[in-house]
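For reference, the chains in residue letters:
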Amino acid sequence: MRGILISSVEEKAGKTSLILALNEIFSGYKTAYFKPFGTSPVREGEFLVDEDLKIVEENFSKSLNPIVLDMPYAEFVYSSDSVELKKAIIEAYEELDADIVFVEGSSEYKVGKSLGISDDMVAEILDLKVLVIAKYSNDFVIDRVLTAKDVFKERLRKVLINQLTGYKTSYVSAVVGKVFTENDLSVVGVLPRDPLLAGMSIEEVREAVEGEFVVKAEEGIIEHFIIGAMSKRSAEKFLAGKDNLAVITGGDRKDIQLLALNYSNVKCLILTGNLYPEKDVIEKASRKGVSVIVVPEDTLTTTEQLEEAMRKAKIKGKEKIERMVELVKMHVNVDEIEKYIFD
């Protein structure tokens with residue numbers, strides 16, 4: 001059994017997405033998923049599990065998450081026994097029977113340090129090689145990766161750059177790659193930022209705003225939101241040009257609702273103020289295959305809720321996984337990762 005720890009130098013870097021893609025690409029192997037320390041608990045029946053495990057479990061025959069943060073972190077640190085936590089991780093890992101175990105690190109590699117179960121410590125006790133995924137938010141990511149290298153030492157030799165805007169690709173490959181090479185690190189790929197992966201399903205949108213479907217069309221991905229709190233003439237300027245659009249507008253703005261339904265890129269209307277649309281809006285939305293969601297809050301609050309949910313958007317659903325697989329095959333040296341796992 002070979003394991004590889006997918007870690008990151010910041011939160012929401014794309015670890016889960018990468019693991020799901022590699023799992024599909026390495027389908028010839030028997031694989032398992034392991035999340036030693038989960039910090040985003042969700043309920044599954046009578047138990048708490050990490051949110052990432054709940055997302056990936058249907059893609060793996062075996063997935064385990066031995067430790068879940070079930071109280072404020074400071075209290076968890078105070079009440080936990082580091083030796084027992086390490087023992088729980090080792091025992092759970094040994095239950096797995098797979099050719100490759102994808103081990104997902106905590107939200108970022110330093111989390112769990114006070115408990116003795118940060119990513120570098122997990123890599124040590126389970127004898128894992130490490131691949132760090134780094135979101136290219138700015139050039140200082142170079143220093144964050146090199147600091148991680150100091151922590152992981154020889155266990156970390158591979159880096160993947162994620163969410164890069166297009167024009168910097170050659171720059172990163174040349175300049176950043178050279179710096180990493182000088183520090184015994186190789187860049188196995190540079191993934192571009194993809195709006196589809198950053199988007200939310202229409203059901204996720206409904207959940208985020210605690211809304212009610214008035215019209216429920218086929219499921220799809222929302223990549224962009226616009227606020228329809230303007231005149232029809234002004235709205236026309238914003239409705240064209242962006243794919244997979246949701247329009248947030250007052251439930252009493254029939255003019256904006258009907259206008260939005262003329263655009264094929266509009267996939268969802270989100271009507272605020274707990275005001276229901278008129279019959280002709282419902283009929284037109286049904287004909288056009290556009291979902292309509294009524295929400296209780298005002299437009300500003302609803303927009304804030306959706307912005308927060310978008311920042312936390314996860315890779316859920318077949319469409320997103322297929323897109324991530326496509327991107328990884330195009331931009332990542334998967335043969336190098338495979339060799340890294342088994343060498």
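Structure's up top.
## Brief notes about the overall build of the chain
A tally of helices and strands in the chain yields 15 helices and 18 strands. Taking 2.2 N^0.38 as the reference for a compact globule, 343 residues should give roughly 20 Å; the C-alpha atoms of the chain span a radius of gyration of 22 Å, in line with that estimate. Counting only C-alpha atoms and orienting by the principal axes, one finds that the chain spans roughly 65 × 50 × 40 Å. Here the chain holds 343 residues, and the buried ones make up 50% of them. Accessible area of the chain: about 16300 Å², with a carbon and sulfur share of 49%. Each charge class in the chain was averaged separately, 45 positive and 59 negative side chains, and the resulting centres sit 5 Å apart.

## Focus: the side chain of Thr303
If you trace the backbone, Thr303 turns up in helix α13 (residues 299-311). The exposure class assigned to Thr303 is buried, which follows from its relative accessible area of 11%. Ignoring sequence-local partners within four residues, the contact set of Thr303 consists of Ile227 and Ile248.

## Regarding helix α6 (residues 141-152)
Taking 1.5 Å of rise per residue, the 12 residues of α6 would be expected to cover 16 Å, and the 16 Å separating its terminal C-alpha atoms lies within 8% of that figure. Along α6, the residues classified as buried are Val141, Ile142, Val145, Leu146, Ala148, Lys149 and Phe152. For α6, the arc enclosing every buried residue in end-on projection is 155°, short of the 170-degree limit, so these residues lie on one face. Buried residues along α6 sit in contact with β1 (2-8), α5 (119-126), β9 (129-135), β10 (156-164) and α7 (169-182). Lys153, located one to two residues past α6, shows a positive phi value of around 60°.

## Some thoughts on the packing of aromatic side chains
Counted by the stated rule, this structure contains 7 aromatic pairs. Consider the rings of Phe37 and Phe76, whose centres lie 6.0 Å apart with planes at 20°: the pair is stacked. With Phe37 in strand β3 (residues 37-38) and Phe76 in helix α3 (residues 73-79), this pair connects stretches of sequence that are 39 residues apart. Taken individually, Phe37 and Phe76 each receive the classification buried, so the pair is uniform in this respect. Clustering of aromatic rings is evident, with ring pairs tying together Phe26, Tyr29 and Phe342. The residue whose ring lies beneath Lys158 is Tyr340, and the NZ or CZ to ring-centre distance is 5.5 Å.

## Looking at the sheet that holds strand β15 (residues 224-227)
Here we have 5 strands laid out as an open sheet, ordered β13-β18-β17-β16-β15, and mixed in their pairing. Edge positions in the sheet fall to β13 (212-215) and β15, since each has one partner strand and no second. Taken pair by pair, the neighbouring strands of this sheet meet at an average axis angle of 25°, ignoring direction. Inspection of the sheet shows strand β17 (residues 266-272) paired to strand β18 (residues 291-294) by 4 bridges, in the parallel sense. In the strand pairing of β18, Leu269 is matched with Val292. Along the sheet, α13 makes contact with β15, β16 (245-250) and β17, crossing β16 at roughly 155°.

## Considerations on the sheet that holds strand β8 (residues 100-104)
Here 7 strands make up an open sheet; going across it, the order is β6-β2-β8-β1-β9-β10-β11 and the pairing parallel. Unpaired on one side and paired on the other, β6 (63-64) and β11 (186-192) mark the two borders of the sheet. Both β10 and β11 contribute to a ladder of 5 bridges, which runs parallel. Counterpart to Ile161 in the pairing with β11 is Val190.

## Focus: α13
An ideal rise of 1.5 Å per residue puts 18 Å on 13 residues; α13 measures up with 18 Å between its terminal C-alpha atoms. Along α13, the positions that sit buried rather than exposed are Thr299, Thr302, Thr303, Leu306, Ala309 and Met310. Viewed along the axis of α13, the buried residues span an arc of 125°, placing them on a single side of the element. With respect to the buried face of α13, the exposed residues turned more than 90 degrees away are Leu300 and Arg311. The N-cap residue of α13 is Asp298: its side-chain oxygen and the backbone nitrogen of Leu300 are 3.2 Å apart.

## Focus: the nonpolar core
In terms of nonpolar packing, the biggest core is built from 43 residues, with Phe34 and Phe180 touching the most fellow members. Ranked by residue count, the leading element in this core is α6, at 6 residues. Residue contacts for Phe34: discarding those within four places in its chain leaves Leu64, Pro66, Ile89, Ala92, Tyr93, Leu96, Val101, Phe102, Val103, Glu104 and Leu126. Counting residues in hydrophobic clusters, the runner-up holds 33 residues, among them Ile19, Leu191, Ile321 and Val328.

## A short note on the pairing of β9
With 6 of 7 residues buried, β9 is to be regarded as a mostly interior element. Alignment of β1 against β9, held across 5 bridges, turns out to be parallel. Bridged to Ile4 within β9 is Lys129. Across 6 bridges, β9 lies against β10 in parallel orientation. Looking across to β10, one finds that Ala134 is bridged to Ile161.

Rules of the game
- Residues numbered from 1 in each chain as written.
- Predicted model: local features only at pLDDT ≥ 70, side-chain atom pairs only at ≥ 80, totals over all residues.
- Heavy atoms only, no water.
- Helix = DSSP H or I, 4+ residues; strand = E, 2+ residues; numbered from the N terminus.
- Rg over C-alpha atoms; globule rule 2.2 N^0.38 Å.
- Buried < 20%, exposed > 50% of the residue type's maximum accessible area, 1.4 Å probe, protein only.
- Areas by Shrake-Rupley, 256 points an atom, 1.4 Å probe, with all protein chains shown as cover.
- Lys, Arg positive; Asp, Glu negative; His and termini not counted.
- Charge placed at Lys NZ, Arg CZ, Asp CG, Glu CD.
- Contact = heavy atoms within 4.5 Å.
- Expected span 1.5 Å × (residues − 1).
- Arc of directions from axis to C-beta.
- Phe/Tyr/Trp six-rings, centres within 6.5 Å; stacked < 30°, edge-to-face > 60°.
- Lys NZ or Arg CZ within 6 Å of the ring centre and 35° of its normal.
- Pairing = 2+ DSSP bridges.
- Axes fitted to C-alpha atoms, helices over the stretch in contact; angles between N-to-C directions.
- Polar contact = N/O pair within 3.5 Å; in protein donor to acceptor, adjacent residues only side chain to side chain.
- Core = buried A, V, L, I, M, F, W, Y, C linked by side-chain atoms within 4.5 Å.

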